[in-house]
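Descriptive analysis of the structure
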Amino acid sequence: MPTDHGIGASSKRREDLRFLTGRGRYTDDINLQGQAFVHFLRSDVAHGRINGIDTSEAEKMPGVIRIFTGADFEGVGGIPCGWQVTDREGNPMREPPHPVLAQGKVRHVGDPIVGVVAETAAQARSAAEAVVLDIEELPAVVDMRKALADGSAKVHDELDGNLCYDWVFGSDDAAIDEAFSKAAHVTTLELTNNRLSPNAMEPRVAVGDYSWASDESTLYTTSQNPHVIRLLMGAFVLGIPEHKLRVIAPDVGGGFGSKIYHYAEEAFCTFAAKQLRRPVKWTSTRSEAFISDAHGRDHITTIQLAMDAENNFLGVRTDTLANMGAYLSTFAPSIPTYLHGTLMAGNYKTPAVQVNVKAVFTNTVPVDAYRGAGRPEATYQLERLIDKAAREVGADPVALRRQNFITQFPYATPVAVEYDTGDYNATMDKLLEMIDRDGFEARAEASRKAGKLRGLGINCYIEACGIAPSALVGQLGARAGLYESATVRVNATGGLVVMTGSHSHGQGHETSFAQVVADMIGIPENMVEIVHGDTANTPMGMGTYGSRSLAVGGSAMVRATEKIIAKAKKIAAHLMEASEGDIELKDGQFSVAGTDKSVAWGDVTLAAYVPHNYPLDEIEPGLEETAFYDPNNFTYPSGAYACEVEVDPETGKVQVMGFAAADDFGNIVNPMIVSGQVHGGLAQGIGQALLENVAYDENGQLLSASYMDYAMPRADDLPFYKVDHSSVTPCTHNPLGVKGCGEAGAIGSPPAVVNAVVDALQRGGYAHVTHIDMPLTPARVWSAMNG
Amino acid sequence: MTQVTMTVNGKPVSGDVEGRTLLAEFLREGLRLTGTHVGCDTSQCGACVVHVNGTAIKSCTALAADLDGAEVVTIEGMANPDGSLSTIQQAFQDHHGLQCGFCTPGMVMSAAALLKENPKPSEHEIREYLEGNICRCTGYHNIVKAIMAASGQDVSAIAAE
């Protein structure tokens, strides 16, 4: 494996050159000729009836071009949901409409009501202040338990309640009851998985444009998946056929899930641009982002573990309330079900696992995937539960895990997935090497002398990535396929362009994807250009999320490149008057096996486009191939994480002293980028555990609506991390043997932090503290210790 | 409207601004220097950090009209005169101190200001100094490492690539 280039090398990122010099081109950097600006007037109440909207004064304000309300969107489709979950009775989930602008009612603080389009952004903002809304405030539904109680106010009047679905998955009642009836010990844990705001640093932006000449619409948007937006918005909202709609997601400043979904503002700008025949731009403020970007997590769970007298796991039973918010965001119903329930076996050979999820509508911002998406929720509850169980039965938490590890692969879990490969002992061994567990007591003693309580938390995780086999997700309710595509276009002079449906918004695809193709052909990486993010330039693709880009998008790219190489070998065989089967490609040179005959890559590509001496009766000229790749299974990255903390017993403040992550991502293309992905995930997971929380009051007012109130992790909250991905069990079913690394850090880290804090308190004599809900703020920790 | 004249990245510029026009808006919309980013509206995230008269400030919190005559340096003015990356920029690339790139201009500008006043900052000093710059991608590990490396410190003992 080369270390200076190609697969396995920490090639420096080519995209950095533009980002480091201010030459990145993000959506807000795009300004079109004649562009107008929209400002959205949003609901400031969580739930209300719209009795009147008076725009008459606002219409007279300087620069106002047109003011749109919900009435302008009658006949236009609503924002669609991409996944239909079937409930335990076999009925489809309740799927209420989601209008572009509110119609009749507002359902969360931030629900857009009016779009004011003006010549400048400032004029649009000023005019919006002159719009008079008559909104009758209604009782808000905020708490999920109260939302399901009889007599609760309803978020959607046309539904029979606030339940979206009641879903059961995994082992049947008889199997799970038997497991618990045989148990020598049952551990129960109630917990919440706190609601988070993804907070990509680039706020969302949309610029709609319309060509009167060609009747084509173009949307520039901050998206992780421009084709998905084109499909959803074109087919379901605005009725624009895909060949008349182009969606461009240029440089995108982080996503973390929040830029997967089709949002109302995108549809608005595209719609208004056509109505007004001029470009319409919207740039979100951060304050708007907090009340309009989909949130993540927000589960309330009770989970139980049954063990026999030898501490073998017999059964896991979990009941979760999952907040959907006011409307169903694009992938929302799938997150607590198929991205959560399917992972509830964890790394363990538990014979019976049953998952119940009740999804609930509330008068809050819609909730959807956020980095990890369902898998952090599964990992957190299971790994907290095992830690609690270990304490209850006096077992070592590492030994208890090892005892119950799955060690034979493939392994079919009771929750419908089959792990193809893994070695959980290997990552645990690596982790223990990294953290000096034996030295912990001495460190704890030093902390004690300094008046601090030190704790160590260890856990495992597994995730299902490489999303996803289309046939499987289709059975599970997905309304889309989850393949990926790539076109490889080789130019006459040998350089090539890969057009991928994956989208890079921080992941460094322009570098790592080029490494793969260059390696396959044996040419320098700088001969390979990666193009993404424009539906006009790339084949139909499903975008980037679920740690799928390399596993699925990379596989498509490999398949397309294989087709290129196969054709190039035919051309080379002709040029050298040899048999195709004797042609070998190495270091960009085609040679005839057993001879000294060879032609260079560039000779072959030139021949493909200048076919003077070319087998035209056998193959077409040109060298361009497309491949679509649909995986036949998920990939299953796994690992073991450890966190060491100090708790100040005087204040309850938690300081992370060290964090170590030992991951098995399968094969690695660019170790530098992989480490960076893990670092970022860890920061988000540690942020969830200690700092971040979306807080609503009982009236549905968002209390954490700015960076003054929502505690983003900052540099001085976090340590240097130790990360390792040298434990490798290659994925068995994709051509690169890769598993995906984007979400692991965020999935594996929250339980390590909480386990560490509980450990610190237990060791410090606070035996009554067996759990604290995230985020573990000083107030919560101090209250747990002293209350 | 008020006319302001500034020196931005060594070049004299002028433009008409409203009283409410922020420096960030003047740079981005007036001068089309879109490397300066706006990531929040409460002066917290630091994506908009530029140097004004040699001091790092948040350009979302300064009124353009107040800065008549100021010397402003933005991310577009940070590369070496021959266009190659400056020491700090190169360290960010070498140590993978950026991912999506959105916070990066502010990080580089803050890092430059830090190293000017403290040429060999400790890890702790770097982390404290970056309190006003939020990054969501990197977990700060490689940003802190890059700044230490840019200051000439040996970072080979710090874990990971």
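This structure is a prediction, so every number in the text was calculated from the model and none was measured.

On a plain count of helices and strands, chain A comes out with 19 helices and 28 strands. At 27 Å, chain A has a C-alpha radius of gyration in line with the 28 Å of a compact globule built from 787 residues. Taken over the C-alpha atoms alone, chain A extends approximately 85 × 70 × 55 Å along its principal axes. When each of the 787 residues of chain A is scored for burial, the buried share is 60%. Of all intrachain contacts in chain A linking residues separated by at least 6 positions in sequence, the fraction that spans at least 24 positions is 81%.

This part covers the interface of chain A and chain B. With 48 residues of chain A at the interface, the matching set in chain B holds 47 residues. The biggest single contributor to the side of chain A that touches chain B is helix H17 (residues 671-690) of chain A, with nine residues. Among the residues forming the side of chain A that touches chain B, the class breakdown is 21 nonpolar, 16 polar and eleven charged.

All right, on to helix H15 (residues 549-575) of chain A then. Residues and elements named next belong to chain A. Over its 27 residues, H15 extends 37 Å from the first C-alpha to the last, a length consistent with the 39 Å expected when each residue adds 1.5 Å. Extensive coverage of H15 is indicated by the burial of 19 of its 27 residues. Phi turns positive one or two residues past the end of H15, at glutamate 577, with a value near 50°.

Our focus in this paragraph is the sheet that holds strand S6 (residues 132-137) of chain A. All names here are of chain A. Reading across from one edge, S4-S2-S6 is the order of the three strands in this open sheet, with antiparallel pairing throughout. If you trace the sheet from one side to the other, it starts and ends with strand S4 (105-106) and S6, each paired once. Pairing of strand S2 (residues 48-54) with S4, which is carried by two bridges, proceeds in the antiparallel orientation. Bridge pairing links arginine 49 to lysine 105 in S4.

Once that is clear, we can look at the nonpolar core. Residues and elements named next belong to chain A. The biggest cluster of nonpolar side chains holds 302 residues, and the ones touching the most others in it are Val38, Val116, Val517, Val753 and Val757. Counting residues per element, this core draws most heavily on H15, at 13 residues. Setting aside anything within four residues of it in sequence, one finds valine 753 in contact with Gly457, Cys643, Val645, Val656, Ile686, Ala689 and Leu690.

Residue and element names in this part refer to chain B. What the domain assignment reports for chain B is domain 1 (2-77) and domain 2 (87-150). A straight line from the C-alpha centre of domain 1 to that of domain 2 covers 21 Å. Contact with domain 1, which involves 14 residues of that partner, is made by eleven residues of domain 2. The leading source of residues in the side of domain 1 that touches domain 2 is strand S3 (residues 49-52), at three residues. Among the residues making up the side of domain 1 that touches domain 2, the classes are represented as seven nonpolar, seven polar and no charged.

Here we come to the domain arrangement of chain A. Residues and elements named next belong to chain A. Domain boundaries assigned for chain A yield domain 1 (16-22 + 483-629), domain 2 (31-138 + 201-254 + 259-292) and domain 3 (373-464 + 633-786). A C-alpha centroid distance of 38 Å is found between domain 2 and domain 3. Contacts between the two partners involve eight residues from domain 2, matched on the other side by eight residues from domain 3.

The next subject is the sheet that holds strand S19 (residues 484-490) of chain A. Hydrogen bonds between backbone atoms are what pair the strands of a sheet, whose relative direction is either parallel or antiparallel. Residues and elements named next belong to chain A. Taken together, four strands build an open sheet; the order of strands is S21-S20-S19-S25 and the sheet is mixed. The sheet terminates laterally at strand S21 (528-531) and strand S25 (624-629), the two strands that pair on one side only. Sheet twist, expressed as the average angle between the axes of neighbouring strands with direction ignored, equals 15°. Judged from the six bridges that link them, S19 and S25 form a sheet pairing that is antiparallel. Across the sheet, threonine 487 pairs through a bridge with threonine 626, a residue of S25.

Bringing the environment of phenylalanine 169 of chain A into the picture now. All names here are of chain A. Mapped onto the elements of the fold, phenylalanine 169 is located in strand S7 (residues 163-170). Along the primary structure phenylalanine 169 and valine 357 are separated by 188 residues, whereas in three dimensions their C-alpha atoms are 8.6 Å apart. Excluding anything up to four places from it in sequence, phenylalanine 169 contacts Thr337, Gly341, Val355 and Val415.

Turning next to the environment of tyrosine 370 of chain A. Residue and element names in this part refer to chain A. As for its position among the elements, tyrosine 370 is in the loop between strand S15 (352-361) and helix H9 (375-393). Taking the C-alpha atoms as reference, tyrosine 370 lies 24 Å from phenylalanine 513; in sequence the two are 143 residues apart. If sequence neighbours within four positions are ignored, tyrosine 370 has contacts with Leu196, Pro198, Phe256, Gly257, Ser258, Gly296 and Arg297.

Right, let's get into the confidence of the model for chain B. Per-chain confidence: chain B averages 96 in pLDDT, with 98% of residues scoring 70 or above. Interface predicted TM-score (ipTM) for the complex: 0.98; the corresponding pTM is 0.97.

Geometrically, a packed helix pair is captured by the angle between its two axes and the distance between the axes. Residue and element names in this part refer to chain B. Where helix H2 (residues 87-94) meets helix H3 (residues 104-117), the axes come as close as 10 Å, and the angle between the chain directions of the two elements is 125°. With respect to H3, the element H2 is oriented oblique. As for how H2 packs across H3, the hand of that crossing is right-handed. Taking contact as the criterion, the partners of Ile88, Gln89 and Phe92 in H2 are, on H3, Thr104, Val108, Ala111 and Ala112. A class-by-class count of the residues in the contact of H2 with H3 yields five nonpolar, two polar and no charged.

Between the first and last C-alpha of H17 of chain A there are 28 Å, a value that for 20 residues agrees with the 28 Å anticipated at 1.5 Å per step. For H17 of chain A, the buried fraction is high: 19 of the 20 residues fall into the buried class.

Residues and elements named next belong to chain A. Residue alanine 468 is reached from isoleucine 467 by a cis peptide bond, and omega for that bond is -5°. Mapped onto the fold, alanine 468 is located in the loop between strand S18 (453-462) and helix H13 (470-475). Of note, the amide linkage connecting methionine 774 to proline 775 takes the cis form, showing an omega dihedral of -5°. Among the structural elements, proline 775 can be located in the loop between helix H18 (744-763) and helix H19 (778-786). Positive phi, normally seen in glycine, also occurs at serine 547, with a value near 45°. With respect to the helices and strands, serine 547 occurs in the loop between S21 and H15. The exposure class assigned to serine 547 is buried, which follows from the 32 C-beta atoms found within 10 Å.

About the criteria used
- Residues numbered from 1 in each chain as written.
- Chains lettered and ligands numbered in written order.
- Predicted model: local features only at pLDDT ≥ 70, side-chain atom pairs only at ≥ 80, totals over all residues.
- Helix = DSSP H or I, 4+ residues; strand = E, 2+ residues; numbered from the N terminus.
- Rg over C-alpha atoms; globule rule 2.2 N^0.38 Å.
- Buried ≥ 20, exposed ≤ 12 C-beta atoms within 10 Å, placed from the backbone.
- Contact = placed C-beta atoms within 7 Å.
- Nonpolar A, V, L, I, M, F, W, Y, C, P; charged D, E, K, R; others polar.
- Expected span 1.5 Å × (residues − 1).
- Pairing = 2+ DSSP bridges.
- Core = buried A, V, L, I, M, F, W, Y, C linked by C-beta atoms within 7 Å.
- Domains from an automatic or database assignment.
- Axes fitted to C-alpha atoms, helices over the stretch in contact; angles between N-to-C directions.
- pLDDT = per-residue confidence, 0-100.
- Parallel < 35°, antiparallel > 145°, perpendicular 65-115°, else oblique.
- Left-handed = near helix turned anticlockwise from the far one by under 90°.

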